Amino acid sequence: MTPHSDLVDPSSSIEPSLSTPHRHVRSPALSSQTCAVRPLKPQKPNPLPSPSPATMAAAVAAIRRPSARLSSILRSPFSTLAPHSEPPASAGPNPFSALRSAIHSESDPNRVAELFQSSAHLPRFHAHRNLFAFAVQKLARARRPDLVDIMEISKCCLLLLVSSSLYYIVCSSTVSHDGRALVIDGQRRVIFSGSIHYPRSTPEMWPDLIRKSKEGGLDAIETYVFWYGHEPRRREYNFEGNYDLIRFLKEVQNAGLYAILRIGPYVCAEWNYGGLPVWLYNIPGMQTRTDNQPWKDEMQNFTTLIVDKVKEERLLATQGGPIILFQIENEYGNGDIEIHYGEAGHRYINWCANMAESLVSDVPWIMCQQSDAPQPMINTCNGFSGCDAFTPNNGNSPKIWTENWTGWPKNWGYPDPHRPVEEVAFQVARFFQSNGTVQNYYMYHGGTNFGRTSGGPYIVTSYDYDAPLDEYGNIRQPKWGHLKELHASVKLMEKALTYGEVDEDHLGNGLTITKFSGEGIVPGCFLSNQNSTVDATISLQGTKYFLPAWSVSILPDCKKEVYNTAKVKTQTSIMVKKKDDAGDQSKDLRWSWKPERLHDSAKGFGSSFTVNKLLEQKTATVDASDYLWYTTNVEVSKKESITLSVNTTGHILYAFVNGRLVGSEYATGGTYNFTFERKVTFKPGKNQISLLSATVGLKNYGAFYDNVPVGIAGGPIGLDGEVRKLQLDEERWYSGVIPTKRPFTWYKTTFQAPLGSEPVVVDLLGLGKGEAWVNGNSLGRFWPNFTANPDGCKKCDYRGNFRVDKCQTACGEASQRWYHVPRSFLKRGEPNTLTLFEEAGGDPNQVNFQTVTVGTACASAGEGDVLSLSCQGGRTISSVDFATFGEPDGTCGAYVSGVCGSDEAVAISKDACLGRESCSIKISDKIGTSCAKLTSPRNLVVQVTCS
């Protein structure tokens, strides 16, 4: 990211008076900006000849001109390209042809620059890369300064597509820090970042997710690195599909954003086994996350692998790439975790720091929640709140919030947790009011725990996290929009926040005025009300400002309030799930089935073994399956009724006597050990007892979490259907009458992909517990018959520090009913296959496919503001359901007319919005006159339907 043109020059007299000493982490051999021309793979021939080296040198020289104004990467045409076709001829003259003509003629450079700027924003820009290269050459020769304003993308990774062999210019950045901020190319920066975990979405989703993140005002994308998926078996690596880390980072780079790479390699993240591969557990002498040589050998091997990969692809900022921060280890200093490891834990943290610095020394490393992080590591803060009061352990470290939890993960058996955007925004504003400069949302897009990747135990398949972008990639309003406005407001005072002197005035009762100012700097102010119950009015320089309880106002010039965290002006969107228009409803699905061959499963397969002792389940399965069998024989002389009693640390237990299921039980209430007891009858002679232990995600957090025992015994691993991969099996299945409520049954059906481009979900209500696949791709575990606690859902009040149980919905409903089916899993125009393994017994006849979209949208605005509404996915506003002046009763989706309902409000809204995908209404004192009894300023509230 490039500082805005009005930021202070680092060589000016302002910086020395305010800065603490820099820690420059770049090599002394690097200049503040290094540019190079590199070839890529040959492309198809282009009508224009390839630019000469002299052309390229001219382009580089133009880009590096010291007098050039810097342009924010947010405005860069090279990061806003849309993957659509060119406009039709009817849309007007082809701008690419016009640019071509201007280049070959003696046109005024002003005309070339004008065409360059307009064309660079258009679709299919890359197809005309040579054309733009020659425009660069012409403008460079003309010494046009605005060329640099267009083309200089923050001195960071400028890709200039130029010639049939696709050359490009790469400009590296320097990254350092002082006690005030990250310093990129000599400029202190305010950074807004958001977490997107690449394995929790698909490569096809990544560009859209990243684009929406950028549009939401983010500067950077943060992700963990998931060792669990990259090295599923020792020294066998996987960087394909949704584990293609390099492709993900390049998508971030292509969007013109920075990247923060948290290697860990322990990540927590509610991921199975904390993101560590389970084969580590069986290495002799292994003790993870401490001063243990087997662990350090494996950790260093994987960390080195990742660093080498990103270096080879030149993805460090100092190489022209997007990565501005790395992280080593993760939350080791949380609570009493490190304490449990004693002195060995302290030695381990020092070893981690030395190892990390030996791999990369020109990009900073962070350690989150690590108060004793050794230099040069930067210790950082995580949490819902409290990071405003956080102080780094070194005066040369900037204040960084690595995890601002936008919501919370959901567990089976619990309601949906939500964190109101007013509370999120309040904490973010307080952080920047308190000298913070780098803040990351965890999560900005949560995604889906595909396969068996969810941890916990008992983390559901959805990792929605109540994030600004929902599980499917839809914009969640008002969270996304209200935070976008916050980012823009804070950015207006970036110079003041990073270079200004800080003056705080505590007024009492939780009221604080904070002013950032300095010579040559436009001052910026925060007004905060930390009282959770009492509104307040603050007077500043003769002007009064109203502050609702638990809110912060931002005044970028210390005069005009441009934002208040509690005053939400963004629309509220109510998402709906719509029946599939392709016609495949539940009644249309034709099912076939197969029984799980339990007798074969219990006898075992190639991976089975026999021992005369109980084995811990991870040891036996190495997480190849959720399931582990334990079998034994008991002989009695006569028919007897006895109590079968089994102590287990597994999550679910199924008991069979002589091949018949006699009972099952699963852990509840967060306690994952229990005693199973059932009265059973033994026949005379030999009786076989078979116990099937099942896990629902391995523990992912805590001191020595990796050693927490799971299961009851050792024996054959998995199920017959898993071994035979029935989700891919095309052999004969049974049709006709489909058995229901039958445990351990496989079901299969075919369906057509739902029409359109909106996200697809499958509704599995009616099923018990198991796993689902579409065209062989696992959607994850399902468990819709595990209902959430009926208690705990009450009216939500954003005021006051947030708790996980403070704002919940869906009490008494299925823990998770809908399961994401990414569009990339589906085949258009041909049958798709849905396969279900039903472990507990359920009815597939209710299963159906739906799409997710905005159903209802509501917004309000007062005089002087603009009321904006929009649908998503190409849908348009089909009706205005409610419009009024003044504050109505009720909430979005259930409004009731308030003081004044007016035909005028409805007419204005219909005229502006009907038939459009989005609309805006400027609120002035000229409208709302039909509600004369309302005092000015009047408010307009509108609710519409999207279809």
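Residues numbered from 1 in each chain as written. Predicted model: local features only at pLDDT ≥ 70, side-chain atom pairs only at ≥ 80, totals over all residues. Heavy atoms only, no water.

Going by what an unreviewed UniProt entry lists, the protein is known as Beta-galactosidase and is assigned to Musa troglodytarum. In the Catalytic activity (unreviewed entry) part of its UniProt record, the protein is described as follows: "Hydrolysis of terminal non-reducing beta-D-galactose residues in beta-D-galactosides." Under Subcellular location (unreviewed entry), UniProt gives the following word-for-word description of the protein: "Secreted, Extracellular space, Apoplast". (UniProt positions renumbered as here; feature names shortened; annotations may be inferred.)

Participant: Please clarify how the overall build of the protein should be interpreted in this entry.
Facilitator: Per the secondary structure count, the protein includes 18 helices and 43 strands. Per-residue burial over the protein gives 59% buried out of 947 residues. In the protein, the proportion of contacts linking residues at least 24 apart, taken out of those at least 6 apart, comes to 75%. (Helix = DSSP H or I, 4+ residues; strand = E, 2+ residues; numbered from the N terminus. Buried < 20%, exposed > 50% of the residue type's maximum accessible area, 1.4 Å probe, protein only. Contact = heavy atoms within 4.5 Å.)

Participant: Got a minute to help me understand the state of the cysteines in this structure?
Facilitator: By definition, a disulfide is the covalent link that joins the sulfur atoms of two cysteine residues. If you walk through the whole model with that rule in mind, you get seven disulfides. In this model C525 forms its disulfide with C558; the gap between the sulfur atoms is 2.0 Å. On the sign convention where negative is left-handed, the bridge of C525 and C558, at about 95° about the S-S bond, is right-handed. With a gap of 33 residues between them, C525 in strand β18 (residues 521-529) and C558 in the loop between β21 (551-555) and β22 (563-564) connect regions that are remote in the sequence. Assigned by exposure class, C525 and C558 land together as buried. The disulfide partner of C858 is C892, and the S-S distance across this bridge is 2.0 Å. (Disulfide = S-S within 2.5 Å.)

Participant: Would you explain the sheet that holds strand β9 (residues 258-264) in this entry?
Facilitator: Spatially, eight strands are ordered β7-β8-β9-β10-β11-β12-β13-β15 in a closed barrel, and the strand pairing comes out parallel. For this sheet, the mean inter-axis angle between neighbouring strands, taken without regard to orientation, is 30°. Both strand β12 (residues 378-383) and strand β13 (residues 400-405) contribute to a ladder of three bridges, which runs parallel. Within the sheet, the bridge partner assigned to N382 lies in β13 and is E403. Against the sheet, helix α13 (residues 479-491) touches β7 (191-196) and β15 (438-445), its axis set at about 165° to β15. (Pairing = 2+ DSSP bridges. Axes fitted to C-alpha atoms, helices over the stretch in contact; angles between N-to-C directions.)

Participant: What is the right way to look at the pairing of strand β37 (residues 832-838) in this model?
Facilitator: Within a regular beta strand, the side chains point alternately toward one face of the sheet and then the other, so they alternate between its two faces. Buried residues dominate β37, accounting for seven of its seven residues. Residue alternation in β37 divides its side chains into two sets, N832, L834, L836 and E838 and T833, T835 and F837, and both sets are buried. One ladder, built from seven bridges, connects strand β31 (residues 745-751) with β37; its direction is antiparallel. Bridge pairing in β37 links K748 to T835. Taken together, the five bridges between strand β33 (residues 770-774) and β37 define a ladder with antiparallel strand orientation. Paired with V774 across the strands is L834, a residue of β37.

Participant: Mind showing me how you'd approach the packing of helix α7 (residues 206-215) against helix α9 (residues 245-254) here?
Facilitator: For any two helices packed against each other, one specifies the crossing angle of their axes together with the interaxial distance. Remark: α7 packs on α9, axes separated minimally by 10 Å, with the N-to-C direction vectors making an angle of 35°. Handedness of the α7/α9 crossing: right-handed. Facing W206, P207 and I210 of α7, the residues of α9 in contact are R247, F248, E251 and V252. When its residues are assigned to classes, the contact of α7 with α9 shows five nonpolar, no polar and two charged. (Left-handed = near helix turned anticlockwise from the far one by under 90°. Nonpolar A, V, L, I, M, F, W, Y, C, P; charged D, E, K, R; others polar.)

Participant: Looking at this structure, I do not really get unusual backbone geometry. What am I missing?
Facilitator: A cis amide bond links G264 with the next residue in sequence, P265, at an omega value of 5°. Along the chain, P265 falls in the loop between β9 and α10 (293-312). A cis amide bond links Y442 to the next residue, M443, at an omega of 5°. Along the chain, M443 turns up in strand β15. Unusually for a residue other than glycine, N509 sits at a positive phi of about 60°. Topologically, N509 is positioned in the loop between β16 (501-508) and β17 (511-518). In this model, V622 sits at a positive phi of 50°, which is unusual for a non-glycine residue. In this structure, V622 sits in the loop between α16 (617-621) and β25 (627-636).

Participant: Hey, could you run me through helix α12 (residues 421-433) in this one?
Facilitator: Every α-helix winds through 3.6 residues per turn, so residues three or four apart in the chain are directed the same way. Taking 1.5 Å of rise per residue, 13 residues should cover 18 Å, and α12 covers 18 Å from first to last C-alpha, within 8% of that figure. Counted residue by residue, α12 has 13 buried out of 13 residues, so it is predominantly covered. Once α12 ends, the next one or two residues include N435, with phi positive near 80°. (Expected span 1.5 Å × (residues − 1).)

Participant: Could you clarify how one ought to interpret the nonpolar core in this entry?
Facilitator: One broad trend across soluble globular proteins is that nonpolar side chains are buried collectively. Grouped together as the largest cluster of nonpolar side chains are 111 residues, with contacts concentrated most on L261, F326 and L486. The biggest single contributor to this core is helix α11 (residues 337-359), with ten residues. Those residues within four positions of L261 in sequence are excluded, and the remaining contacts are T223, V225, L245, L249, I306, V310, I323, L325, F326 and Q327. (Core = buried A, V, L, I, M, F, W, Y, C linked by side-chain atoms within 4.5 Å.)

Participant: Looking at this structure, I do not really get the side chain of Q319. What am I missing?
Facilitator: Checked against the element boundaries, Q319 lands in the loop between α10 and β10 (323-328). On the basis of relative accessibility, which here comes to 16%, the residue Q319 falls in the buried class.

Participant: How should I be thinking about the sheet that holds strand β34 (residues 777-782) in this particular structure?
Facilitator: Hydrogen bonds between backbone atoms are what pair the strands of a sheet, whose relative direction is either parallel or antiparallel. Reading across from one edge, β24-β31-β37-β33-β34 is the order of the five strands in this open sheet, with antiparallel pairing throughout. What marks the edges here is a single partner per strand, and that holds for β24 (592-595) and β34. On average, adjacent strands in this sheet sit at an angle of 20° to one another, irrespective of strand direction.

Participant: Is there a simple way to think about the pattern of salt bridges in this case?
Facilitator: Side-chain pairs of opposite charge can arise where the charged atoms are in close proximity. Counted by the stated rule, this structure contains 34 salt bridges. With its nearest N and O atoms 2.9 Å apart, the salt bridge here joins R188 to D178. Highlighted residues: R188 in strand β6 (residues 187-189) and D178 in the loop between β4 (175-177) and β5 (182-184), separated in sequence by ten residues. Residue R188 shares its accessibility class with D178, and that shared class is buried. Connected through shared salt-bridge partners, R189, D219, K491 and E494 make up one network. (Salt bridge = Lys/Arg side-chain N within 4 Å of Asp/Glu carboxyl O.)

Participant: Explain the packing of α10 against α11 here, please?
Facilitator: Contact geometry of α10 with α11 gives a least axis separation of 10 Å together with a crossing angle of 25°. Judged by the inter-axis angle, α10 sits roughly parallel to α11. Relative to α11, the crossing made by α10 is right-handed. Of α11, the residues touching α10 (which contributes W295, K296, M299, Q300, T303, T304, V307 and K311) are Y348, W351, C352, M355 and L359. (Parallel < 35°, antiparallel > 145°, perpendicular 65-115°, else oblique.)

Participant: Even after reading the chapter, I still don't get the packing of aromatic side chains, so can you show me in this structure?
Facilitator: Both the distance between ring centres and the angle between the ring planes are used here to describe each pair of aromatic rings. As enumerated under the stated definition, the model contains 48 aromatic pairs in all. Residues Y273 and Y705 carry aromatic rings whose centres are separated by 5.8 Å and whose planes lie at 65° to one another, so their mutual orientation is edge-to-face. Here the residue Y273 occupies a position in the loop between β9 and α10, and Y705 occupies one in the loop between β30 (685-694) and α17 (720-723), the gap between them amounting to 432 residues. Plain terms: the ring middles of Y442 and Y465 are 5.4 Å apart, the flat faces sit at 80° to each other, and that makes the pair edge-to-face. One end of the pair, Y442, is in strand β15; the other, Y465, is in the loop between β15 and α13, and 23 residues separate them in sequence. The class of Y465 is buried, set by a relative accessible area of 4%. One aromatic cluster is present, formed by Y198, W206, Y224, F226, Y228, F248, W271, Y442, Y463 and Y465 through successive ring pairs. For the cation-ring pair, R200 lies above Y463, with the distance from its terminal atom to the ring centre recorded as 3.6 Å. (Phe/Tyr/Trp six-rings, centres within 6.5 Å; stacked < 30°, edge-to-face > 60°. Lys NZ or Arg CZ within 6 Å of the ring centre and 35° of its normal.)

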